[in-house]
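Listed below, chain by chain, are the residues.
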Amino acid sequence: LLNPPWDVDLTIVDVGSGVDAHVLGLHHSRFHSLIVTSADPTAVTAAYGQLKVLQTERWIRNFGVVVNQVTDAKKARDVFFRLVDVSTKFVDVKLDYLGYLPLDQKLSKAVMNGKILINLYPGAPYVPCLDLLVKRLRHWQQTIDSAIGSKVENAQARRGSEEPKKRSPSLMNFWKALLGEVKK
């Protein structure tokens, strides 16, 4: 996974809760790690456990956080800051709040019907939250890539090697294809 044969902007892997060897194998400090949690105390505990293991076993310090299945933005921020408070006391990590996805019965209905939410319920509360999350995720990715790129360029300048490979801006196309917005 460190050098895939294709151009990758973002890979999302839903690993569930808990951390085992397979989950650890999917993470590397060169990748962007995103933690998704909910307001449920066991989910926050599992998220903290993942942060701690990934920091100690894979040396990952920067994580994006998404709070899922909450009633509103205030509840999502409360969950995020609870995770920040616990994590930063015991583990050397930096957490970036990327947004939340609301508890939305229309999403459940769309899934049950095998339909794309945006097509079935374009006014569903989930849709603008997902749109904002995509924008924040893209910005977060570019910010991290820029910081990493600066470090790589500095190291390459010291070694005299060529510039790093530029990545294609296909994240939005990925999301559009995933959500059925791009016709093939």
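Structure first, text after, so check above.
Here the structure is a predicted model, which is why all the values come from computation and not from measurement.

Caption draft 1: Focus on the pattern of salt bridges. For the coordinates displayed, the defined rule picks out four salt bridges. Among the ionic pairs, Asp78 bridges to Lys74, the shortest N-O distance being 3.1 Å. Of the two residues, Asp78 and Lys74 both sit in helix α3 (residues 73-90), four residues apart, roughly one turn of that helix. With relative accessibility at 60%, the residue Lys74 sits in the exposed group. The salt bridge involving Asp131 is made with Lys135; its shortest N-O contact spans 3.2 Å. Placement of both Asp131 and Lys135 in helix α6 (residues 126-159) is noted, with a separation of four residues, approximately one turn of the helix.

Caption draft 2: How the structure looks around the sheet that holds strand β2 (residues 62-70). Read from one edge to the other, the open sheet built from three strands follows the order β1-β2-β3, with strand pairing classed as parallel. Of all the strands in the sheet, just β1 (33-37) and β3 (94-102) have a single pairing partner and so form its edges. For this sheet, the mean inter-axis angle between neighbouring strands, taken without regard to orientation, is 25°. Bridge analysis of β1 against β2 gives five bridges, and the strand direction is parallel. Residue Ser33 lies in a different strand from β2, and its bridge partner there is Phe63. Lying on the sheet, helix α2 (residues 41-58) is in contact with β1, β2 and β3; it crosses β1 at an angle near 160°. Its contacts with the sheet place α3 against β1, β2 and β3, and it is angled at close to 155° to β3.

Caption draft 3: A look at the side chain of Thr37. You can see Thr37 is positioned in strand β1. At 3.1 Å, the side chain of Thr37 forms a polar contact with the backbone oxygen of Ala43. Every residue in contact with Thr37, bar those within four places of it in the chain, is listed here: Ala43, Val44, Ala47, Val66, Val67, Asn68 and Val79.

Caption draft 4: The pairing of β1, seen in detail. Burial along β1 is one-sided: the residues Ser33, Ile35 and Thr37 are buried and none of Leu34 and Val36 is. Taken together, β1, α2 and β2 form a β-α-β motif whose crossover is right-handed.

Caption draft 5: Summary view of α3. The first and last C-alpha atoms of α3 sit 26 Å apart over 18 residues, in line with the 26 Å expected at 1.5 Å per residue. Those residues of α3 that fall on the buried side of the exposure criterion are Ala76, Val79, Phe80, Leu83, Val84 and Ser87. Mapping the buried residues of α3 onto a view down its axis gives an arc of 140°, with all of them on the same face. Set apart from the buried face of α3 by more than 90 degrees, the exposed residues are Lys74 and Lys89. Buried-residue contacts for α3 involve β1, α2, β2 and β3. Structurally, the start of α3 carries an N-cap: the backbone nitrogen of Lys74 is 3.2 Å from a side-chain oxygen of Asp72.

Criteria and cut-off values
Residues numbered from 1 in each chain as written. Predicted model: local features only at pLDDT ≥ 70, side-chain atom pairs only at ≥ 80, totals over all residues. Heavy atoms only, no water. Salt bridge = Lys/Arg side-chain N within 4 Å of Asp/Glu carboxyl O. Helix = DSSP H or I, 4+ residues; strand = E, 2+ residues; numbered from the N terminus. Buried < 20%, exposed > 50% of the residue type's maximum accessible area, 1.4 Å probe, protein only. Pairing = 2+ DSSP bridges. Axes fitted to C-alpha atoms, helices over the stretch in contact; angles between N-to-C directions. Contact = heavy atoms within 4.5 Å. Polar contact = N/O pair within 3.5 Å; in protein donor to acceptor, adjacent residues only side chain to side chain. Right-handed = clockwise from strand over helix to strand, strands pointing away. Expected span 1.5 Å × (residues − 1). Arc of directions from axis to C-beta.

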